[in-house]
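Remarks on the overall topology
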Amino acid sequence: MNTFDRHLLREWLQILGLVLAATCGLLLLQVLYDDFRSLREHGARGWELWKYVGVRIPSFLATVLPMALLVSLLFTLGKLHRSNELTAMRAAGVGFMRLTASIWIIGVFCCALSWGLNTTIVPWSVETSRALEDEMEFRHQSRSLPEDRTGAVSPLAFDNQRDGRMWFFNRYSRYTQMGYGVSVSQLDAGRRETTRIVASQAGYDPQRRGWFFENGRELTFDTEKGVVESSTPFKKKFVDRFGEDPQLMLLLGRRASSMSIYQLRDVIAYYESQKNPQSAVNYAVRYYGLIASTLGPLIVIAIAIPFAVSGVRVNPAVGVSKSIGLFFLYYVLNNAATSLASRQILEPQIAAWLPSASIAALALWLFARLR
């Protein structure tokens, strides 16, 4: 590192720290605005609120980092360009790649950081904050509701086409991890019912990897005539061939944006096993989009450098305003690609990479003009 590298990094990292702090502060306000009332209604105490906020904030970092990089770089490089510092270095025969070498090195580090955030920190943040919210909700409901209705999802259905089983719960309690008013139908290749288990309640045993049913009856059917052949009551019954995970059942109704990368992967694998790719499109676009965002810092740097050092020497705030337009363009491209994928015009992988690839193409064009 030479003197200019140290000067550039000092100027840039100061602004980057300020932008990250300001953005995280705005996110803090957003979280408090969105969740404060519901958390207080659930009886959250002061330390629980701050614990929830502290756990929730990291889930936004992977999204905030590229924006903070873009704003800080446009401001810093624009400031150096306006004060003729870049011009002096270029007049001395130093090219743009050497001038910005330290920025590219930090960009590679930020790519690794984005990967670590998306695969470790963000999944932990999403799942832990959800667990904390559920815990407070369960505690509040338990004061006025019986145990079996605390944290209940009602009704809950799950069609396991691969194994030919159809599940239905009148309600499933996330608090007790038990289903109530349960019906499980076993179907043949023609989707005709062969057996049915009905029970007052049922639960999944993760150690034995099966389901136990209580106070129910097992029915068998004549598939040709469509009549009941036998009906056998039972007090308790364990079925080890039923391996469906109730957590997956609960995930299938949630928005893709509220899931971690591992939860998205589980949902996509389920729909692929069911040979139902249409239902997995939004989850797949979100999943591959998180992977594509790993290269976001380098793309942002490739755009910021030509924007900041070309043209007239205007106020650095002008470069910041350009970043708003770039993120709006990315948002439009992302929505358009997702829409095309949902109509099966584009594959989810292509739809996820299309916005980043388009912005990268814009960066290459800007660099070509710069040279």
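Residues numbered from 1 in each chain as written. Predicted model: local features only at pLDDT ≥ 70, side-chain atom pairs only at ≥ 80, totals over all residues. Heavy atoms only, no water.

So, about the overall build of the protein chain. Along the protein chain, the regular secondary structure elements total twelve helices and seven strands. Its C-alpha atoms put the protein chain at 90 × 50 × 30 Å along the principal axes. Burial analysis of the protein chain (371 residues in total) assigns 43% to the buried set. In the protein chain, once contacts between residues fewer than 6 apart in sequence are set aside, the share between residues at least 24 apart is 62%. (Helix = DSSP H or I, 4+ residues; strand = E, 2+ residues; numbered from the N terminus. Buried < 20%, exposed > 50% of the residue type's maximum accessible area, 1.4 Å probe, protein only. Contact = heavy atoms within 4.5 Å.)

Checked against the element boundaries, N160 lands in strand β2 (residues 156-160). Each residue touching N160, except ones within four places of it in the same chain, is listed here: R165, E244, Y270 and Q274.

So, on to the side chain of R174. With respect to the helices and strands, R174 occurs in the loop between β3 (165-173) and β4 (178-187). Setting aside residues no more than four positions away along its own chain, R174 makes contact with R130, D134, E137, F138, T150, G151, V153 and L250.

This next bit is on the pairing of β2. Burial along β2 is one-sided: the residues L156, F158 and N160 are buried and none of A157 and D159 is. Count of turn residues in the β2/β3 antiparallel hairpin: four residues, of which G164 carries a positive phi of about 65 degrees. (Pairing = 2+ DSSP bridges.)

Right, let's get into helix α2 (residues 46-56). Residues of α2 that are buried include every one of E48, L49, Y52, V53 and V55, and no others. Projected down its long axis, α2 carries its buried residues within an arc of 165 degrees, all on one side. Facing away from the buried side of α2 by more than 90 degrees, the exposed set consists of W47 and W50. Among the structural elements, α1 (3-41) and α6 (101-141) are those in contact with the buried residues of α2. (Arc of directions from axis to C-beta.)

What describes two packed helices is the angle between their axes and the distance between those same axes. Where helix α8 (residues 261-273) contacts helix α9 (residues 281-292), the two axes come as close as 9 Å, and the packing angle between them is 140 degrees. Regarding the angle of α8 to α9, the classification is oblique. Crossing hand, α8 versus α9: left-handed. Across from I261, L264, R265, V267, I268 and Y271 in α8, the residues of α9 making contact are Y283, A284, R286, Y287, L290 and I291. Partitioning the contact of α8 with α9 into residue classes produces ten nonpolar, no polar and two charged. (Axes fitted to C-alpha atoms, helices over the stretch in contact; angles between N-to-C directions. Parallel < 35°, antiparallel > 145°, perpendicular 65-115°, else oblique. Left-handed = near helix turned anticlockwise from the far one by under 90°. Nonpolar A, V, L, I, M, F, W, Y, C, P; charged D, E, K, R; others polar.)

Another point: the packing of α6 against α8. Between α6 and α8, the shortest axis-to-axis distance is 8 Å and the interhelical angle comes to 90 degrees. If you check the angle between α6 and α8, you find them roughly perpendicular. In this structure, α6 uses N118, T119, P123, V126 and E127 to contact α8, whose residues at the interface are I261, Y262 and Q263. Among the residues forming the contact of α6 with α8, the class breakdown is four nonpolar, three polar and one charged.

Turning our eyes to something else, we now look at a nonpolar patch on the surface. Together, F328, Y331 and V332 line one region of the surface with nonpolar side chains, adding up to about 340 Å² of accessible area. Relative to the elements of secondary structure, F328 occurs in helix α11 (residues 316-342). We classify F328 as exposed; its relative accessible area is 56%. (Patch = residues over 30% accessible without salt bridge, like charges linked within 9 Å, V, L, I, M, F, W, Y side chains within 5 Å. Areas by Shrake-Rupley, 256 points an atom, 1.4 Å probe, with all protein chains shown as cover. Salt bridge = Lys/Arg side-chain N within 4 Å of Asp/Glu carboxyl O.)

Below, the discussion takes up the environment of A199. With respect to the secondary-structure elements, A199 resides in strand β5 (residues 193-205). The buried category is assigned to A199, whose relative accessible area is 9%. Each C-alpha atom of the pair A199 and K235 lies 9.1 Å from the other, and the pair is 36 residues apart in sequence. Setting aside its immediate chain neighbours within four residues, A199 contacts G181, V182, F213, E214, N215, G216 and F234.

The next thing to look at is the packing of aromatic side chains. Applying the stated criterion to the full structure yields 13 aromatic pairs. When the centroid spacing of 5.5 Å and the interplanar angle of 70 degrees are considered together, the rings of W167 and F242 count as edge-to-face. Taken as a pair, W167 in strand β3 and F242 in the loop between β7 (227-239) and α7 (246-251) lie far apart in primary sequence, 75 residues in all. Across the pair, exposure class does not vary: W167 and F242 are buried alike. One aromatic cluster is present, formed by W167, F169, Y172, Y204, W211, F213 and F242 through successive ring pairs. Looking at R208, its charged tip hangs above the ring of F238, at a distance of 3.7 Å from the centre. Above the face of the F212 ring, K236 is positioned so that its terminal group lies 5.4 Å from the ring centre. (Phe/Tyr/Trp six-rings, centres within 6.5 Å; stacked < 30°, edge-to-face > 60°. Lys NZ or Arg CZ within 6 Å of the ring centre and 35° of its normal.)

Okay, the environment of I299 next. Counting through the fold element by element, I299 comes out in helix α10 (residues 296-309). Take I299: its relative accessible area is 16%, and that puts it in the buried class. In this structure, I299 is in contact with S356, I359, A360 and A363, ignoring residues within four places of it in sequence.

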